[in-house]
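In case you want the letters, here they are:
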Amino acid sequence: MSVLLGGLGIVAIIFGMAIWLGRRLVLPITVMAARLREFRVGESDGDVPGVERADELGDLARGLYEYRNAVESRRTAERRAEFLANHDMLTGLANRLLFESRLAHELARSARTGDVVAVFAVDLDAFKAINDRFGHAGGDRVLKRTAHLLSSCVRGDDLVARIGGDEFAVIQVARSQPAAIEALISRIFKMASAPSDEGVAIRMSVGVALSEPGQTGDQLHELADLALYRAKADGRNTARVYNKNLKDEETQRVRLARDLEAAIPANELRLVFQPIADTISLKIVAYEALLRWRHPSLGDIPPDIFVPIAESSGLIGAIGSWVIDEALRAASAWDPKVSLAMNLSPIQFRSVGLAAEICDAALRWDVDFERLELEVTESATLMGFQRDNVLATLEKLRKLGAKVVMDDFGTGHSSLGNLKEFTFDKIKIDRSFVATMNSHASSSSIVRATIGLGKSLGLIIVAEGVETEEQLSVLRRWGCDQVQGFLIGKPMDRFDLVGNGMVLVGP
Ligand code: C2E
Ligand code: MG
Ligand code: MG
């Protein structure tokens, strides 16, 4: 009996020890093994059991705990490195690398699903001017705001990337196109035009291209860039969607740019002169030099077409110099009481020698500086390239006696701001307001208010594009100082000016 009892006791002790061993040793080891397994697949965030124990199992648990922490921080570093490799540091957006791989992926997927992939190429307008004016910190702020703006316009599965500099891109995948791109374009411009506390408005140009079967990502992005280029040429702060015509227009632009290079040596350029008269007496007070190009096979190309091409291809410097010399040569033969108005492109101001060049030509042709009127558009002044250089050059020319004229007043974005920043002598009201002045109340208010503003600031006001007697009589009544337009005289060749009481001398 006692043997039996002793046996049972031993069994009970063994059983108890087994349970104790199970709880104290086997269970923690099993939990540790489970944590290790979870950890291997990156899911473990729970505690490692047993770290507080003083025995060997505690040692094991602590070792495991340290190992886990070390691996965890390596993983975080790897994730960060991967993020950095695929994202832009400043804005946190995807970078070019991620953009390209995602685009390739979406194009491959769309071949199966029948979706259409749209690429938006986005570029800030006048970003260089923002940097010049507000410094790099100011430029960075505008880039971050743009990143935020684009990100808040897109849907969750679209990708916004910063490709570099002030160049952004969006990948949008949708079934119903062009509805989806139209919606995104309108969201972007609506948000960009919303008033903000930050002073500088975000203005951007957008080019969009839609995928076609068999296209590579590079090809699609290139077409979006082409549309972007078009949006910039069409006056910026706008969007263009790529189509086949655009490609033809682009080919035409490239051809014109090439032919324009040969235009000066081939004598295809000439100047015509349009009179500007006193509103009351209609006596001619000045002639504006306007550039003409007769292309050998395409005929007359309007300056609205070829001047922007000359600007974007860098030819405007040479052409502008030719205009300055040719115009002063013509003016040297005129009645010295008649002034010469010349148009200057914002790009010409990039050359530091512009003021000296005008000086030299005036001396060479013996034309008084007081007879010079230099017409600049608003883009040349406030938002243009190297704004401070532009203003300094204009000031230099003004000090010498030339008049500075703001051309096409009312068509820019910051007309009044410009007047505050620089002293102009003369303002030309854009012909679009004059043309609609008698039919649109808003145009007539603008014309009237500009004349009033000129009076109060002591500036001469010129109305451009006067075509009818009715317009002339209204402008007289409102007190506009000078008029220019087909009613007064069309642009004329140099030789036709002789009949207007001008003496023509020289070659
Ligand atoms: P702009 O300086 O505003 O020149 C006035 C434009 O209005 C000229 O067009 C002129 O022919 C046109 N115009 C004048 N009166 C009337 C009118 O009664 N009715 C209508 N409908 N139009 C009238 P154009 O010659 O085609 O020149 C267009 C623009 O090209 C000029 O605008 C100017 O910005 C630019 N441009 C012309 N010549 C030069 C140049 O030598 N250098 C530069 N940088 N730009 C030039
Ligand atoms: Mg002009
Ligand atoms: Mg004008």
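Residues numbered from 1 in each chain as written. Chains lettered and ligands numbered in written order. Predicted model: local features only at pLDDT ≥ 70, side-chain atom pairs only at ≥ 80, totals over all residues. Heavy atoms only, no water.

**Overview of the domain arrangement of the protein chain**
Domain boundaries in the protein chain define domain 1 (2–86), domain 2 (96–242) and domain 3 (267–500). A C-alpha centroid distance of 36 Å is found between domain 2 and domain 3. (Domains from an automatic or database assignment.)

**Comments concerning the packing of aromatic side chains**
In total, this model carries three aromatic pairs according to the counting rule given. Relative to tryptophan 334, the ring of phenylalanine 273 has its centre 5.4 Å away and its plane inclined at 90°; by these criteria the two rings are edge-to-face. Of this pair, phenylalanine 273 sits in strand β6 (residues 269–278) while tryptophan 334 sits in the loop between α9 (316–331) and β9 (339–343), placing them 61 residues apart in sequence. Exposure class is identical for phenylalanine 273 and tryptophan 334. Each is buried. Here tryptophan 293 and phenylalanine 306 contribute two aromatic rings whose centre-to-centre distance is 5.7 Å and whose plane-to-plane angle is 80°, an arrangement assigned as edge-to-face. Taken together, the positions of tryptophan 293 in strand β7 (residues 284–295) and phenylalanine 306 in helix α8 (residues 303–313) put the pair 13 residues apart, joining distant regions of the chain. Considered together, tryptophan 293 and phenylalanine 306 belong to a single accessibility category, that of buried residues. One aromatic cluster is present, built from ring pairs that chain together Phe273, Tyr287 and Trp334. Over the face of the ring belonging to phenylalanine 486 we find lysine 490, whose NZ or CZ atom lies 4.7 Å from the ring centre. (Phe/Tyr/Trp six-rings, centres within 6.5 Å; stacked < 30°, edge-to-face > 60°. Helix = DSSP H or I, 4+ residues; strand = E, 2+ residues; numbered from the N terminus. Buried < 20%, exposed > 50% of the residue type's maximum accessible area, 1.4 Å probe, protein only. Lys NZ or Arg CZ within 6 Å of the ring centre and 35° of its normal.)

**Looking at the pairing of strand β10 (residues 372–376)**
With respect to burial, β10 is a largely interior element, five of its five residues being buried. The alternating pattern of β10 places Leu372, Leu374 and Val376 on one face and Glu373 and Glu375 on the opposite face, and all of these are buried. In this sheet, β10 lies alongside β9 in parallel orientation, the contact comprising four bridges. From the neighbouring strand, alanine 341 faces β10, where its bridge partner is glutamate 373. This β-α-β element, β9 to helix α10 (residues 354–364) to β10, shows right-handed connectivity. Bridging between β10 and strand β11 (residues 403–409) involves four bridges; their strand directions are parallel. Each residue of the ladder has a partner; that of glutamate 375, found in β11, is valine 405. (Pairing = 2+ DSSP bridges. Right-handed = clockwise from strand over helix to strand, strands pointing away.)

**Some thoughts on the pattern of salt bridges**
In the structure shown here, the tally under the stated rule is 29 salt bridges. Residue arginine 79 is joined to glutamate 72 by a salt bridge in which the shortest nitrogen-to-oxygen separation is 4.0 Å. Owing to a relative accessible area of 27%, glutamate 72 belongs among the partly exposed residues under this scheme. Of the charged contacts, one joins glutamate 250 and arginine 253 as a salt bridge, the two residues approaching to 4.0 Å between their closest N and O atoms. Here glutamate 250 pairs with arginine 253, and both are found in helix α7 (residues 244–263), just three residues apart, close to one helical turn. Look at glutamate 250 and you get buried, because its relative accessible area is 10%. Overall, arginine 253 belongs to the buried group, its relative accessible area being 11%. Here the residues in one salt-bridge network are Arg102, Glu106 and Arg109, joined through shared partners. (Salt bridge = Lys/Arg side-chain N within 4 Å of Asp/Glu carboxyl O.)

**Overview of the coordination of the magnesium ion (ligand 2)**
Listed as protein donors to the magnesium ion (ligand 2) are Glu288 (OE), Asn343 (OD1), Glu375 (OE) and Asp407 (OD); their distances from the metal cover 2.0 to 2.3 Å. Written as a sequence motif, the donor arrangement for the magnesium ion (ligand 2) is E-x54-N-x31-E-x31-D. Between the magnesium ion (ligand 2) and the magnesium ion (ligand 3), a separation of 4.1 Å is found, and both are coordinated by aspartate 407. Placement of asparagine 343 in strand β9 and of aspartate 407 in strand β11 is noted, with a sequence separation of 64 residues between them. Given the relative accessible area of 28%, asparagine 343 is considered partly exposed. By relative accessible area, aspartate 407 is classed as buried at 6%. (Donors = N, O, S within 2.8 Å, 3.2 Å for Na, K, Ca; no water.)

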